[in-house]
Amino acid sequence: QGSPVKGLVASVKGLFSRVRPAAELDPTSCCYGFMRQAWNEPEAHGAWSLHWRGLVWPANLDSYWRQASLCLGERWDSDGSAVFPNQVYLEPLFDPDRPWDDPARLVLWMALVSKASEVRVAAIDLFIEGISDGRGHPQPLAETLIRLSQGKGLKTNRLAEGLAEVARAGELHRWTVARI
């Protein structure tokens, strides 16, 4: 029987099956910095690479969200690390003019239930900001959470802790968390 993390990663890969890998969008000059390391491996990504990928095609981040979901899934039950800066994947969502589409919401939920505290704190901050500025509507957030929960390995204790922290931010936040 497979581990819950592998089941989660497999279900996330299925959600992004039609999206090209982010590596196909990287410039060839980036490849030399990692001595031919595979770009689809989480350990091949420094923070600079993730920042760059978020800027390449800012209106179409599907491959970026695909890579983010795979990296977050691989490190689902791991502590934070400077070598694996997964919280950097959330930075495009701090832009108040960027809507939260389904892949972005999936990554946001994965970050909220991550074991890495820096990833979870960034996700809590994003939920608070997104609810305040109207991007965090409860219905699409709930629909994405339901899709994520169909895979194995969702840590409900981390989910409850994260949502409780978001709910403490104010009236609107409590209402939104209750509706989710």
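Since we're looking at a predicted model, the values are computed, not measured. (Residues numbered from 1 in each chain as written. Predicted model: local features only at pLDDT ≥ 70, side-chain atom pairs only at ≥ 80, totals over all residues. Heavy atoms only, no water.)

Student: In this structure, what is going on with the pattern of salt bridges? I would like to understand it.
Tutor: If charged atoms from side chains of opposite charge come close, those side chains can pair. For the structure on display, the rule yields five salt bridges. Salt-bridge contacts for Asp 102 lead to Arg 105; the nearest nitrogen and oxygen are separated by 3.4 Å. Note that Asp 102 and Arg 105 are positioned in helix H5 (residues 102-112) at a spacing of three residues, about one turn of the helix. Asp 102 gets classed as partly exposed once you look at its relative accessible area, which sits at 25%. A relative accessible area of 12% places Arg 105 in the buried class. Here Arg 174 and Glu 171 are joined by a salt bridge, their closest N and O atoms 2.7 Å apart. Here Arg 174 pairs with Glu 171, and both are found in helix H9 (residues 171-179), just three residues apart, close to one helical turn. When its relative accessible area of 38% is taken as the criterion, Arg 174 is described as partly exposed. Residue classification places Glu 171 among the exposed residues on the basis of a relative accessible area of 62%. (Salt bridge = Lys/Arg side-chain N within 4 Å of Asp/Glu carboxyl O. Helix = DSSP H or I, 4+ residues; strand = E, 2+ residues; numbered from the N terminus. Buried < 20%, exposed > 50% of the residue type's maximum accessible area, 1.4 Å probe, protein only.)

Student: Explanation requested: the packing of helix H6 (residues 117-133) against H9 in the structure shown.
Tutor: Each pair of packed helices gets described by two things: the angle between the helix axes and the distance between those axes. Put simply, H6 and H9 touch, their axes get as near as 10 Å, and they point 100° apart. Viewed along their axes, H6 and H9 adopt a mutual orientation that is roughly perpendicular. Taken together, the residues of H9 that come into contact with H6 (itself represented by Ile 128, Ile 131 and Ser 132) are Leu 172, His 173 and Thr 176. Its residues placed into classes, the contact of H6 with H9 shows three nonpolar, three polar and no charged. (Axes fitted to C-alpha atoms, helices over the stretch in contact; angles between N-to-C directions. Parallel < 35°, antiparallel > 145°, perpendicular 65-115°, else oblique. Contact = heavy atoms within 4.5 Å. Nonpolar A, V, L, I, M, F, W, Y, C, P; charged D, E, K, R; others polar.)

Student: How should I be thinking about the nonpolar core in this particular structure?
Tutor: Note on soluble globular proteins: their nonpolar side chains tend to be buried together. Membership of the largest hydrophobic core comes to 37 residues, with the highest contact counts inside it found for Trp 65, Leu 90, Leu 93, Trp 109 and Leu 112. Counting residues per element, the ones that place at least two in this core are helix H4 (62-74), H5, H6, helix H7 (138-149) and helix H8 (156-167). Per-element tally for this core: the top contributor is H5, with eight residues. Non-local contacts of Leu 112, meaning those with residues more than four positions away in its chain, are made with Arg 120, Ala 123, Ile 124, Phe 127, Arg 158, Leu 159, Gly 162 and Leu 163. (Core = buried A, V, L, I, M, F, W, Y, C linked by side-chain atoms within 4.5 Å.)

These figures capture arrangement, not role.
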